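# Observations on the three-dimensional arrangement
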Amino acid sequence: MLTYHTAIIGAGASGLFCAGSFNAPKIILDHNKLPGVKVGVSGGGKCNFTNRFISATDYVSLRKHFCKNALAAFKPTDFIELLDENKIPYEERAKGQLFAKDAQEIVRFLVKRAQQANTDFSLATEVLDIKKMEHGFLVRTSGGTLQAEHVVLATGGLSYPSLGASSFGLQLAKKFGLHITEQRPALCGLTFPKEMRKTYKILAGNSVLAAVQTGKHLFTDQLLFTHEGISGPAVLSTSLYWQEGNPVQINFLPNIDVEKILVQHKQTNKKVSSVINLPGHMAQNLLGPLDQPLANMTKSNFQAVIKHLSAFEFIPAGTAGYTKAEVTAGGIDTQAINPTTFETKKIPGLYIIGEILDVTGRLGGFNLHWAWANGYCAAKDLSKKF
Ligand SMILES: Cc1cc2nc3c(=O)[nH]c(=O)nc-3n(C[C@H](O)[C@H](O)[C@H](O)COP(=O)(O)OP(=O)(O)OC[C@H]3O[C@@H](n4cnc5c(N)ncnc54)[C@H](O)[C@@H]3O)c2cc1C
């Protein structure tokens, strides 16, 4: 039977980075035919691989402090240095977000680095079960069984099953007695209730700068109307904090005093939609029957328009779901994991890294950075055991 120092389950962001970060005979397995499939499509094909400004507050987890060690051990500059050394071009966009020119270049870099660090690849191989033995683990796969002294579980979240996401890692964690926190799709669109869907369907495809808020969390960025509801960066960010049943408020004219504009045109026959600064027919469609000539409007009409444009509130029916969510919030409770090494406390030799853990980053490169940082920490510990 093939025997390895380490078997890494999942050739995604965290698994590949882990494989390339220590030199020991290891195998990385994935049921996809190609490695790094999600990385390859990330950031709209440009891979938002990290963010210059990362702190623990950029992550949502039941245990707020867990991510601190890994973020201190592996910084954005560490990944940037690797790209510089390998002459991989990248660019900085707003809010410290760093993007590659081509996500495939990042995938090629990760694969090459792993190969150079003594890694065998077993692709199109589904991992079916893992058993703890007296010494090491038995890994049962669709291609046979192998033995490894250590296992790194890096099977990611539930989002985008079309890119290889599976619940295998979570089932395995349950089998090993680990606690799983509640999971939900995040960094995704929010859907309108049925009636609103009909009313605002006409706006699908329109996008506007808006301030979107749920609870204390407010994001000012682009908002896109879809056939089901709203999406775009401001909404994706909001979805990470939105809890089912809670309202979402939208200001379609952030930084603009709507009341002042309406008062300025109060004596005219102009309609509201013609005096406010919203693109194309958006104002008319958004206002519907509220779009009247200003001179005819009563005080309560006025207040209704202001509320509609700057404090539009609704309770989303739900999220766009796992097929469209960039990440899965929730996962394996980090209480079971050593925050420095990512080894499980109860099952020596079993490491768990990446999105499968109950740590979810905001939109902007934070999730891939989490994957790199975890892979690095686990690798550092595994290299000491070789
Ligand atoms: C469309 C999209 C765009 C994104 N863009 C960005 C971005 O620009 N910046 C950012 O920071 N984050 C982005 N993310 C999130 C980021 O890609 C993930 O958080 C990150 O890839 C998680 O890394 P991971 O290693 O934990 O999991 P993954 O990268 O998902 O890797 C897990 C791997 O495990 C494999 N696997 C699962 N089950 C099995 C099994 N039983 N047997 C064998 N293999 C298995 C899967 O095939 C997969 O290859 C994006 C996500 C999506 C879906």
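Each chain has its residues counted from 1, following the order in which its sequence is written. At least 70 in pLDDT is required for a residue's local features to be given in this predicted model, at least 80 for side-chain atom pairs to be given and counted, and no such filter applies to totals for whole chains, interfaces and linings, which use all residues.

## Some details on the overall build of the chain
Helix and strand assignments follow DSSP, with helices taken as H or I runs no shorter than four residues and strands as E runs no shorter than two, numbered in order from the N terminus. When its secondary structure is counted, the chain shows 13 helices and 21 strands. The dimensions of the chain, computed from C-alpha atoms along their principal axes, are 85 × 40 × 35 Å. Buried residues in the chain amount to 46% of all 386 residues. C-beta atoms are placed from the backbone for every residue, and two residues are taken to be in contact when these atoms lie within 7 Å. Counted over contacts in the chain with a minimum sequence separation of 6, partners at least 24 positions apart contribute 71%. Think of it as a crowd count around each C-beta: if 20 or more other C-beta atoms lie within 10 Å the residue is buried, if 12 or fewer it is exposed, and in between it is partly exposed, with C-beta placed from the backbone throughout.

## Observations regarding the pairing of strand S14 (residues 217-225)
One requirement defines pairing of two strands: DSSP has to find at least two bridges between them. Judged from the eight bridges that link them, strand S13 (residues 207-214) and S14 form a sheet pairing that is antiparallel. The residue of S14 that forms the bridge with Val208 is Leu223. Between S13 and S14, which pair antiparallel one after the other, the connecting turn spans two residues, and Gly215 there sits at a positive phi close to 55 degrees. Looking at chain direction, S14 and strand S15 (residues 229-231) are connected through two bridges and run antiparallel. Looking at the pairing, Phe225 lines up with Ile230 of S15. Here S14 hands over to S15 after three residues, the two strands then running antiparallel side by side.

## Structural notes on the domain arrangement of the chain
The split of the chain into domains comes from an automatic or database domain assignment. Segmentation of the chain into domains returns domain 1 (3-184 + 329-384) and domain 2 (190-319). Inter-centroid distance (C-alpha atoms) of domain 1 to domain 2 is 39 Å. Contact with domain 1, which involves five residues of that partner, is made by four residues of domain 2. All amino acids are sorted into three groups, where Ala, Val, Leu, Ile, Met, Phe, Trp, Tyr, Cys and Pro are nonpolar, Asp, Glu, Lys and Arg are charged, and the leftover types, Gly among them, are polar. Class assignment for the residues of the side of domain 1 that touches domain 2 results in three nonpolar, one polar and one charged.

## With respect to helix H5 (residues 103-116)
Since the α-helix packs 3.6 residues into each turn, any two residues three or four apart lie on the same face. The end-to-end C-alpha distance of H5, which contains 14 residues, comes to 20 Å, matching closely the 20 Å that a straight helix rising 1.5 Å per residue would cover. Within the sequence span of H5, burial applies to Ala103, Ile106, Val107, Phe109, Leu110, Val111 and Ala114. Buried residues along H5 sit against helix H1 (13-20), strand S2 (26-29), helix H2 (37-45), strand S3 (48-51), strand S6 (97-100) and strand S7 (119-122). Looking at the residues trailing H5, positive phi occurs at Asn118, about 65 degrees. By this rule the span expected of a helix is its residue count minus one, scaled by 1.5 Å.

## Brief notes about the site of the ligand
Throughout this description, a residue near a molecule or strand is one whose C-beta atom, derived from the backbone, lies within 6 Å of it. Surrounding the ligand, one finds 39 residues, the nearest of these being Gly10, Gly12, Gly156, Gly164 and Gly354. Elements with a minimum of two residues in the shell around the ligand: H1, H2 and helix H13 (366-384). Here the shell around the ligand takes six residues from H2, the largest share from any one element. Classifying every residue of the shell around the ligand by side-chain character gives 17 nonpolar, 17 polar and five charged.

## A look at the environment of Pro339
Structurally, Pro339 is set in the loop between strand S19 (327-329) and strand S20 (350-352). For the pair Pro339 and Arg197, spaced 142 residues apart in sequence, the C-alpha separation works out to 44 Å. Excluding its chain neighbours within four sequence positions, the residues that come into contact with Pro339 are Phe66, Asn69 and Ala70.

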